[in-house]
Amino acid sequence: VRGSAERRVRSYEQAAATRIQSRWRSARLCAALTASLAAVVVIQAAGRGVRVRRSMCLERASCIAIQAAARRRSSMAEARRRRSARALQSTVRGAAVRRMVAAWAAMATRVQCGWRSRCCKGLLAVSIAAVVAVQASARRASAVRRLRAQLTACLWMQAAVRRRAAYRKLRRQRAARTLQAAARGVFARCGVAGRPGGAP
């Protein structure tokens, strides 16, 4: 009985040792498998990362090239648009400036014409006033000369008339004196002195 019990104990111990060993081997195998799987996963991830990075680098380079070409094309189109816009703007500005210059020239011409006409009107008014003044002074001088001539003629005529009247008066006085002397002589001879007219 004791021997069977020992054999049973030994068989249990062997079975337990076998199970422990198998568990230990399985654990070691599981750990090695896990490490191998982890290493495989890391290697695969590294490979996939390299391939992905390579493809991404290629895609990025192609994208950069495409973007550069698109930017270059858009910049060229933008430059053409800007050049055309500048040409249009310069044309429009030139037309506007020409219109403004033409309007300013027309206004300046009107102002100059108005100023010249005003100056000419002023000069004409001054000239007319000067001519009128000269004509008035000439007429005044001519009138004064005519008046002086007329006054001189009138004075000469008046002097001649007065001389003639004085001469006639003198002749009448002389005739009257002669007649009075003759009458006095006649009266004296007839004896009637102091009674003129021969009254009795």
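Up top is the structure these notes are about.
Being a predicted model, the structure only gives us computed values, none of them experimental. (Residues numbered from 1 in each chain as written. Predicted model: local features only at pLDDT ≥ 70, side-chain atom pairs only at ≥ 80, totals over all residues. Heavy atoms only, no water.)

J.: Just give me the short version of the overall build of the chain, but keep the residues and values in it.
T.: Helices and strands together make up the secondary structure of the chain, namely 1 helix and 0 strands. Here the chain has a C-alpha radius of gyration of 80 Å; the compact-globule value for 200 residues is 16 Å, and the former is much larger. C-alpha atoms of the chain, sized along the principal axes, occupy 260 × 40 × 15 Å. Averaging the locations of the 45 positively and 4 negatively charged side chains of the chain gives two centres separated by 85 Å. (Helix = DSSP H or I, 4+ residues; strand = E, 2+ residues; numbered from the N terminus. Rg over C-alpha atoms; globule rule 2.2 N^0.38 Å. Lys, Arg positive; Asp, Glu negative; His and termini not counted. Charge placed at Lys NZ, Arg CZ, Asp CG, Glu CD.)

J.: Quick rundown of the environment of Arg 72? Include the residues and the values.
T.: With respect to the helices and strands, the residue Arg 72 is situated in helix α1 (residues 2-190). For Arg 72, a relative accessible area of 48% puts it in the partly exposed group. (Buried < 20%, exposed > 50% of the residue type's maximum accessible area, 1.4 Å probe, protein only.)

J.: I'd love a proper account of a nonpolar patch on the surface, names of residues and values included.
T.: A cluster of nonpolar side chains, Val 97, Met 100, Val 101, Trp 104 and Met 107, forms an exposed patch at the surface whose accessible area comes to about 490 Å². On the secondary structure map, Met 100 appears in helix α1. (Patch = residues over 30% accessible without salt bridge, like charges linked within 9 Å, V, L, I, M, F, W, Y side chains within 5 Å. Areas by Shrake-Rupley, 256 points an atom, 1.4 Å probe, with all protein chains shown as cover. Salt bridge = Lys/Arg side-chain N within 4 Å of Asp/Glu carboxyl O.)

J.: Could you give me a rundown of the state of the cysteines, with the residues and numbers involved?
T.: The tally for this structure, following the rule as stated, stands at 0 disulfides. Cys 57 forms no disulfide, and the closest cysteine sulfur to it belongs to Cys 63, at a distance of 12 Å. Relative accessible area serves as the criterion here: at 52%, Cys 57 is assigned to the exposed category. (Disulfide = S-S within 2.5 Å.)

J.: Can you explain the pattern of salt bridges? Please cite residues and give values.
T.: With the rule as written, the count across this model stands at 2 salt bridges. Among the ionic pairs, Glu 78 bridges to Arg 81, the shortest N-O distance being 2.5 Å. Placement of both Glu 78 and Arg 81 in helix α1 is noted, with a separation of 3 residues, approximately one turn of the helix. The salt bridge involving Arg 82 is made with Glu 78; its shortest N-O contact spans 3.5 Å. You can see Arg 82 and its partner Glu 78 sitting in helix α1, 4 residues apart, about one turn around the helix.

J.: Run through a positive patch on the surface, naming residues and quoting values.
T.: Taken together, the side chains of Arg 164, Arg 168, Lys 169, Arg 171 and Arg 172 make up a positively charged region of the molecular surface. As for its position among the elements, Arg 168 is in helix α1. We classify Arg 168 as partly exposed; its relative accessible area is 42%.

Coordinates in, geometry out; function isn't part of it.
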